Each structure stands twice: as structure tokens, then as C-alpha cells.
2 protein chains.
Amino acid sequence: MRLLSDSIESFIKSLLDSENMEIELRRNELAQHFQCAPSQINYVLATRFTPDHGYVIESRRGGGGFIRIVRMASTNREELLQAHYQRIGTSISTAEAARIIDNLKTEEIITPDEASLMLAALSPQAVPLPLAMKDALCAGTLRSMILSIAKRRI
Amino acid sequence: MRLLSDSIESFIKSLLDSENMEIELRRNELAQHFQCAPSQINYVLATRFTPDHGYVIESRRGGGGFIRIVRMASTNREELLQAHYQRIGTSISTAEAARIIDNLKTEEIITPDEASLMLAALSPQAVPLPLAMKDALCAGTLRSMILSIAKRRI
DNA sequence: TTCATTTAACTATCTTTGACCTTTATTATA
DNA sequence: TATAATAAAGGTCAAAGATAGTTAAATGAA
């Protein structure tokens, strides 16, 4: 028997076809449709729609809540972003981060202003924190910003 | 389905167009119009028309009462950046930070892409840190980014 | 057995409403 | 006229409703 998670994965991917780079769905509706626990949807997203898989998720809770899934196109640009993203991992020094930002600028994926902005975002982490923690924070911040760039409509 | 709060927000903003920096409305009338509880109006004002969003609210109770919504005149770029910078201080919640970023976007001091980038830079700070520390970090990061914007050649 | 999947209980966040409170203007009364 | 009552606003806050997220235990597949 086919796995539920696989069915949900296919279903979502069928919505994200060549036309739609982006879909929005209601977690509860989808769970209803597949007769499963709502958290099953989170499981599928967490295991099959991660940035490493080339997807970005946004969501909101409360009334009118939703889950938005954005597919990254596979252009050179996206591949570069993807590569940087994976390279960053869970910990990176600010020096390395600066190099990545510089590369994005050189490749004209971001403007010089944006490059400065990104560097600025990483700098205050000259706060008194253990080095390991600082690098983890740096990695988290940079990855988050790279995802934001990846989501742009270009 | 569209959210009631969003509809009310749009409605108010449509009244506050390029001509009108300031409108006056009756809370009960507006609530009537949207068939909702009067306090819903307060909710919308509290979440979408704060000073951080670039609005000031004045009101009066009793007979002839009213709510006046004033869109702050866009001070020049430097003053606005300065004001936000000082407002941030040493600690700020991500929710408030988001409002400030939104205002910078509305005032066209940063592009929508840059706004997303800044929001992204603040988001991973949803990392397990004590709240006070998180807000301090958020403040530091945002201040640093605002300085970077202030330094731009325009 | 081991790893992936599924579920359920609990948590977090955002919206909407309603009951009760405060302020201001107007009207009635001494 | 001065004061008291009443009416006509708007304000606050907490509870209920509507979503989504997290985590750990149970289950199932390889």
C-alpha cells in the first residue's frame, strides 16, 4: 500500500506544476481530504519540502491562517543560492559569511546596498556570546536571508 | 475567505489616499457597515494603524465622539530613520520590528525585497534564547541594519 | 530491529465578540 | 445658574474561536 505521506507529497507537487511556483493551502482542509491528523501535513512538509529540496514554506496561524509553499526554480541563480545555503549548514563564522555575501554581490544576485544590509545584520552578533553560539546564530541568520532572496520573483 | 480585519484595514486605507492625510470616523457606524462588534475596529487600529505603521490615532468619547486617523507626514528620510533608530533602543520584539520595517517599505525607503530580507534576518532569532536576550538581539540587528540604510548614497 | 510514519495531546498565535467601564454632551431640575 | 441625571459615544480586557506548530509515543515497513 502506498504511503500516506507519499500521496500527500504527490498531491502537493501536482498543484505546484509549471504554472504555479507557489500555492497556498489550509492545513486542516488538506488533512481532512486525506483523512489524517493535521500534523501529518507538517511531517510531509518537514521531510519533503525543505529548502534543501528546493522549497520554501511560509505560514500563518489564527483565523485566516494558511501554509504557503514556494518552489524555487532551478536556474543558475537558484543553484548558487542552494549551494550557499547548504554550505552554511548550522554554523559559520562571520568571515565566511562575508565571503558568501560578497559572492552574491559579485554574481549580481543582490545589489551592493543589499550586501551591506546583510553584513549589517550579521555584525551585531559581536555581542558577548560563546563563539559556537555566535556562529550558529550567524548561520541561522544568513540562511534565513538567503531563503528570502530565493523566494523573490525575478 | 478574506479576513474581516483585512477588509476593514483596506477600507480605512482607501479613505486615506494621497489627498487625505487625515480622516475621521464613527466607530459604531463603521462597525455597523461591516456588521461586526465595535471593538473589532479597535483591534484593527491597534494591530495595523500604530505609530510604527506611521499613523496616529486621536479620539473622543461621548456625544459627537469620533476616531481620527492621521497618517504621519513622511518626514525626510534621515529624520524617519533617526526616529526609528531611537525608538528601537536596546530591546524590541520581533512584532514591533516588523512594523518598523513595514513602515520603511511604505515610505519607500527600502524596496519590498529589502523589507523581506530584513524580516528574514530577524526571524531565526526565534532560536531558543531567553526572551529578554532575543529582544536585545533583535534590537541590535535592526539598529545595525538601519544604520546601513542611513549610510547609503541616495 | 531499526528507521520512517502516523497520531494525539499540548502549545502558540491571530481574530472576533461581548460584557463592562469611562468620557463627554445634553437635558432636566432645584 | 448650578447641579444632577441621562444619553451617546468610544475604550478595555478577557474569553471564545480559528488556525498552525511541536513533540513524544505508538505503529508500521524494510
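What comes next is a walk through the structure. No experiment lies behind these values; they were computed from the predicted model shown. (Residues numbered from 1 in each chain as written. Chains lettered and ligands numbered in written order. Predicted model: local features only at pLDDT ≥ 70, side-chain atom pairs only at ≥ 80, totals over all residues. Heavy atoms only, no water.)

### Comments concerning the protein's contact with DNA strand D
Consideration 1: Taken together, 27 residues lie around DNA strand D, and A:Asn42, A:Gly62, B:Arg27, B:Asn42 and B:Arg61 are the ones closest in.
Consideration 2: For DNA strand D, the fraction of protein-proximal atoms (within 4 Å) that sit in sugar or phosphate groups is 64%.
Consideration 3: Contact between DNA strand D and A:Arg27: a base nitrogen at 2.9 Å from a side-chain N or O atom of the residue.
Consideration 4: For DNA strand D, a phosphate oxygen lies 3.1 Å from a polar atom in the backbone of B:Asn28.
Consideration 5: Elements with a minimum of two residues in the surface near DNA strand D: helix H2 (27-33), helix H3 (38-48), strand S2 (55-60) and strand S3 (66-71) of chain A together with helix H2 (27-34), helix H3 (38-48), strand S2 (55-60) and strand S3 (66-71) of chain B.
Consideration 6: Taken together, the residues of the surface near DNA strand D sort by class into four nonpolar, 15 polar and eight charged. (Near = heavy atom within 4 Å. Polar contact = N/O pair within 3.5 Å; in protein donor to acceptor, adjacent residues only side chain to side chain. Helix = DSSP H or I, 4+ residues; strand = E, 2+ residues; numbered from the N terminus. Nonpolar A, V, L, I, M, F, W, Y, C, P; charged D, E, K, R; others polar.)

### Brief notes about the pattern of salt bridges
Close approach of charged atoms allows side chains with opposite charge to pair.
Consideration 1: Scanning all chains against the criterion turns up 23 salt bridges over all chains.
Consideration 2: B:Arg48 is the partner of B:Asp6 in a salt bridge, and the nearest nitrogen-oxygen pair spans 2.6 Å. One end of the pair, B:Asp6, is in helix H1 (residues 4-15); the other, B:Arg48, is in helix H3, with 42 residues separating them in the sequence.
Consideration 3: Accessibility expressed as a relative area gives 14% for B:Arg48, which makes it buried.
Consideration 4: For the salt bridge of B:Arg68 with B:Glu22, the shortest nitrogen-to-oxygen distance reads 3.8 Å. You can see B:Arg68 sitting in strand S3 and its partner B:Glu22 sitting in strand S1 (residues 22-25), a full 46 residues away along the chain.
Consideration 5: Put simply, A:Glu22, A:Glu24, A:Glu58, A:Arg68, A:Lys151 and A:Arg153 are held in one network by salt bridges that share partners. (Salt bridge = Lys/Arg side-chain N within 4 Å of Asp/Glu carboxyl O. Buried < 20%, exposed > 50% of the residue type's maximum accessible area, 1.4 Å probe, protein only.)

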